[in-house]
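# Report on the structure
Residue-level listing of the chains:
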Number of protein chains: 2
Amino acid sequence: MSTLFAGPFGANVSERAQLPPSLAISTVIFALKPSRDVGKPTLWLPLVRRVKEPFKGQWALPGGPLAATESLEDAARRNLRETTGLAPEYLEQLYAFGGLNRAHRPGQGSQRVVSIVYWALVRPTEAELLVEGEAEAENVAWHRADTAGDGEGGLAFDHREIIDYALWRLRSKLEYAQIAYHFLGETFTLAQLREVYEAVLGRPLDPANFRRQLKSVPQIEPTDQFLEGGKHRPPRLYRYTGPAQRSTT
Amino acid sequence: MSTLFAGPFGANVSERAQLPPSLAISTVIFALKPSRDVGKPTLWLPLVRRVKEPFKGQWALPGGPLAATESLEDAARRNLRETTGLAPEYLEQLYAFGGLNRAHRPGQGSQRVVSIVYWALVRPTEAELLVEGEAEAENVAWHRADTAGDGEGGLAFDHREIIDYALWRLRSKLEYAQIAYHFLGETFTLAQLREVYEAVLGRPLDPANFRRQLKSVPQIEPTDQFLEGGKHRPPRLYRYTGPAQRSTT
DNA sequence: TTAATAGTGTCTATCAGACAGTATAGT
DNA sequence: ACTATACTGTCTGATAGACACTATTAA
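Just so you know, the residues in each chain are numbered from 1, in the order the chain's sequence is written. Chain letters start at A and ligand numbers start at 1, both assigned in the order the entries are written. Since the coordinates come from a predicted model, pLDDT governs what is reported: local features require at least 70, and pairs of side-chain atoms require 80 or more to be given and counted, while whole-chain, interface and lining totals use all residues. Think of the side-chain values as coming from all heavy atoms in the structure, minus any hydrogens and water.

- Under an unreviewed UniProt entry, the name given to chain A is ADP-ribose pyrophosphatase, and the organism recorded is Sinomonas humi.

### Quick notes on the nonpolar core
- We define the nonpolar core as a collection of buried residues of types Ala, Val, Leu, Ile, Met, Phe, Trp, Tyr and Cys that are connected through side-chain atoms lying within 4.5 Å of one another. For every residue, the accessible area (1.4 Å probe, protein chains only) is compared with the maximum for its type, and the residue is labelled buried under 20%, exposed over 50%, or partly exposed between those bounds. Residues Phe30 and Leu193 of chain A together with Phe30 and Leu193 of chain B are the most contacted members of the largest nonpolar core, which totals 128 residues.
- Residues in contact with Phe30 of chain B, not counting those within four places in the same chain, are Leu43, Trp44, Leu45, Trp119, Ala120, Leu121, Val122, Ala145, Ala166, Leu167, Leu170 and Phe183 of chain B. What makes two residues a contact is simply this: any of their non-hydrogen atoms within 4.5 Å.

### Some words on the side chain of Ser71 of chain A
- Strands are runs of DSSP state E lasting at least 2 residues, helices are runs of H or I lasting at least 4, and numbering of each runs from the N terminus. By the secondary structure assignment, Ser71 of chain A is in the loop between strand E4 (63-65) and helix H2 (72-84).
- A polar atom in the side chain of Ser71 of chain A sits 3.2 Å from the backbone nitrogen of Asp74 of chain A.
- With sequence-adjacent residues up to four places away left out, Ser71 of chain A is seen in contact with Leu66 of chain A together with Gly98, Leu100 and Arg112 of chain B. What qualifies as a polar contact is a pair of N or O atoms within 3.5 Å, subject to a donor-acceptor requirement within protein and to the restriction that residues adjacent in sequence count only when both atoms come from side chains.

### Digging into the domain arrangement of chain A
Residue and element names in this part refer to chain A.
- By domain assignment, chain A separates into domain 1 (13-174) and domain 2 (182-240).
- With both chains or domains summed, domain 1 and domain 2 bury close to 1300 Å², and 68% of this area falls on carbon and sulfur atoms.
- The largest share of the area that domain 1 buries against domain 2 comes from Leu32, Arg123 and Leu174, three residues that together contribute 41% of it.
- Within this document, salt bridges are pairs made up of a side-chain nitrogen of Lys or Arg and a carboxyl oxygen of Asp or Glu, the two lying within 4 Å of each other. Our count for the contact surface shared by domain 1 and domain 2 stands at one salt bridge.
- Put simply, Lys40 and Glu198 hold a salt bridge, and the shortest N to O gap is 3.8 Å.
- Where domain 1 packs against domain 2, one counts three residue pairs in polar contact (both at pLDDT 80 or more).
- Of all elements in the fold, only strand E1 (22-34), strand E2 (41-49) and helix H4 (159-176) reach the threshold of two or more residues within the side of domain 1 that touches domain 2.
- Grouping the amino acids of the side of domain 1 that touches domain 2 by side-chain chemistry returns eleven nonpolar, one polar and four charged. Domain segmentation is taken from an automatic or database assignment of domains. A quick way to say it: buried area is the sum, across both parts, of accessible area lost when two parts are put together, with a 1.4 Å probe. Each residue is assigned to one class: nonpolar for Ala, Val, Leu, Ile, Met, Phe, Trp, Tyr, Cys and Pro, charged for Asp, Glu, Lys and Arg, and polar for all the others, Gly among them.

### Observations concerning the protein's contact with DNA strand D
Residue and element names in this part refer to chain A.
- Taken together, 18 residues lie near DNA strand D, and Ala208, Asn209, Arg212, Lys231 and Arg233 sit nearest.
- Here, DNA strand D places atoms within 4 Å of the protein, and 58% of those atoms are sugar or phosphate.
- Note that a base nitrogen of DNA strand D is positioned 2.9 Å from one of the side-chain N or O atoms of Arg233.
- Among the elements that line the surface near DNA strand D, the one with the most residues is helix H6 (residues 207-215), at four residues.
- Per-class residue counts for the surface near DNA strand D are five nonpolar, five polar and eight charged. Distances are taken per atom, and a residue is near a molecule or strand as soon as one of its heavy atoms is within 4 Å of it.

### Observations regarding the side chain of Asn79 of chain A
Residue and element names in this part refer to chain A.
- In this fold, Asn79 is placed in helix H2.
- Here Asn79 falls in the buried class, since its relative accessible area comes to 4%.
- Among residues more than four places away in sequence, those in contact with Asn79 are Ile25, Gly63, Gly64, Pro65 and Thr84.

### Some words on the protein's contact with DNA strand C
- Near DNA strand C you find 18 residues, and of these Ala208, Asn209, Arg212, Lys231 and Arg233 of chain B are the closest.
- Of all DNA strand C atoms lying within 4 Å of any protein atom, the proportion belonging to sugar or phosphate reaches 57%.
- Note that a phosphate oxygen of DNA strand C is positioned 3.2 Å from one of the side-chain N or O atoms of Arg211 of chain A.
- A distance of 3.2 Å separates a phosphate oxygen of DNA strand C from a polar atom in the side chain of Lys215 of chain A.
- Looking at the surface near DNA strand C element by element, the count peaks at four residues for helix H6 (residues 207-215) of chain B.
- When the residues that make up the surface near DNA strand C are grouped by side-chain class, the tally is five nonpolar, five polar and eight charged.

### Thoughts on the packing of helix H5 (residues 190-201) of chain A against H6 of chain A
All names here are of chain A.
- To obtain each axis, a line is fitted to C-alpha atoms, and for helices this fit is confined to the stretch in contact; angles are then taken between N-to-C directions over 0 to 180 degrees. Two elements in contact, H5 and H6, have axes whose closest approach is 10 Å; the angle formed by their N-to-C orientations is 105°. In this view, H5 runs roughly perpendicular relative to H6, as classed from their interaxial angle. Here Leu190, Leu193, Arg194 and Tyr197 of H5 lie close against H6, whose contacting residues are Pro207, Phe210, Arg211 and Leu214.
- Tallied by class, residues from the contact of H5 with H6 come to six nonpolar, no polar and two charged. In what follows, roughly perpendicular refers to angles from 65 to 115 degrees, roughly parallel to angles under 35, roughly antiparallel to angles over 145, and oblique to any angle outside these ranges.

### So, the confidence of the model for chain A
Residue and element names in this part refer to chain A.
- Of all residues in chain A, 81% have pLDDT values of 70 or greater, and the mean over the chain is 84.
- A residue's pLDDT is the predictor's confidence in that residue, given on a scale from 0 to 100. No element of chain A has a lower mean pLDDT than helix H1 (residues 10-16), which averages 39, and none a higher one than strand E5 (residues 90-97), which averages 97.
- The model gives residues 1-17 a pLDDT under 50, and that stretch makes 22 contacts with residues more than four places away or in other chains.

### Focus: the environment of Pro20 of chain B
All names here are of chain B.
- Following the sequence through the fold, Pro20 ends up in the loop between helix H1 (10-16) and strand E1 (22-34).
- The exposure class assigned to Pro20 is exposed, which follows from its relative accessible area of 54%.
- Along the primary structure Pro20 and Lys215 are separated by 195 residues, whereas in three dimensions their C-alpha atoms are 53 Å apart.

### Some remarks on the sheet that holds strand E8 (residues 187-188) of chain A
Residues and elements named next belong to chain A.
- Note on pairing: DSSP must find at least two bridges between two strands before they are called paired. Strand order in the open sheet formed by three strands is E8-E10-E9, and the pairing between neighbours is antiparallel. Edge positions in the sheet fall to E8 and strand E9 (220-226), since each has one partner strand and no second.
- When E9 meets strand E10 (residues 236-240), the two strands line up antiparallel, connected through four bridges. The residue bridging Glu221 from the neighbouring strand is Arg239, located in E10.

### Focus on the packing of aromatic side chains
- In summary, the pairing rule links any two rings of Phe, Tyr or Trp, Trp by its six-membered ring, whose centres are within 6.5 Å, and it sorts them by plane angle into stacked for under 30 degrees, edge-to-face for over 60 and tilted for everything else. Throughout the structure, instances matching the rule amount to 18 aromatic pairs over all chains.
- Ring centres 6.3 Å apart and planes at 85° place the aromatic pair Phe97 of chain B and Tyr165 of chain B in the edge-to-face group. Within this pair, whereas Phe97 of chain B is found in strand E5 (residues 90-97), its partner Tyr165 of chain B is found in helix H4 (residues 159-176), the two being separated by 68 residues in sequence.
- The structure contains a cluster of three or more aromatic residues connected by ring pairs, namely Tyr95, Phe97, Tyr165 and Trp168 of chain A.

So, in structure tokens, the structure goes:
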């Protein structure tokens, strides 16, 4: 606290002190997409290019200010729809970020911003909406979750750290909660579900043990359909019949 | 969304729509205190009495507005110190609450408030500061966490729901993280630690199994001291040597 | 027939819960 | 000696990881 007014930017700090902090909502939207580099699907997320300073031209999480007549979650859904055209079924609050120096480049004064960040999981069908979608599509693009911003001078604001935190939360939650289905379609094979786990956790899983564990979950019901078209024995399709969204955290 | 402007309070809603949402910080402070009703220690928390409308005279979580030059966590610590005199060593963000109708009694218009809520665990020695402490002590009092506000027309705002959510988070986190020590002093017996778990989880635990599990945690080191003064065989005192605060969530 | 994945069975180490049994203090 | 709690040992059922083995399709 005592170092707060020290340093070359003291004038900016005291200037900012006059303004009340403003509130913004951002969202980390995870989708599983096949990656050319790796043979297996990996985690991707849509980012929007900044058209204004600060960080003009750099990539940032979709988001915007909080309107006065909507709840936090409604604001997240609206911003998502407006900026990327997505309407994810799974949406949960991640964290409120309120550090002092996150709204501007170091040394440039601007208003203090507190961001309430949500995270979402979308299916491939939902993710396609983005590709065909909006007019401003050239300013929205998918990036790999683990490397977004790497060779481009980094992401805007503290969004790289926010994504890393969201990745950590996704991994933690996947291990004890039933959320992997939100990456997949209505029906899926156990191998597809295992690919989700492997992509998120970053390590291979034993197919036999994975099958045994998942079969003990009553919410995963086998259908009488099989996935045709593969080169080999067609796998059975399963369906998730549990609640669409689990309780918070 | 379509029902937002319906109903008898539409005028208030549109009035609020002109104002930007304001930001507040509140904190749920848990302490373990012996309870007269039950023989065992139970969870308590300090509440402050509202001196202004809305909810004047009712009990509320300690908190206040966010100053422009402090981080969210600093704001939580400052509000805590000012309202209750407490300086907890364990402090973590709980959730950001931003529903439309949480800042006022139903039917009374007022500005929209978004609250970022922190939760804290304090030791008995820290908790005593409150008793002797501040001048406005008559407006600060300890309440049982599970029943606070029950026979008094309820707590102010949505604070009863916030406390219930914090209780749920505390129970969840206790089961997989090393946080129970923050309720205890520098050294403690395994029976005391077990009492913390039993009070938080609300169920008895087998002393033998609890001992075996805790002994497999290297951060819990036995001292060569024993707790004298009991009526029976003196138990060994242990010390927690891990990091003071674990990573977020 | 072969390749490749789907799916089953089984062995083992680990661990949580239950609980019997021993140790040691105050009274 | 008695009692209450501290502390240890052991049995059992459940489960995760490793991995051998069988089944079924397309080419």
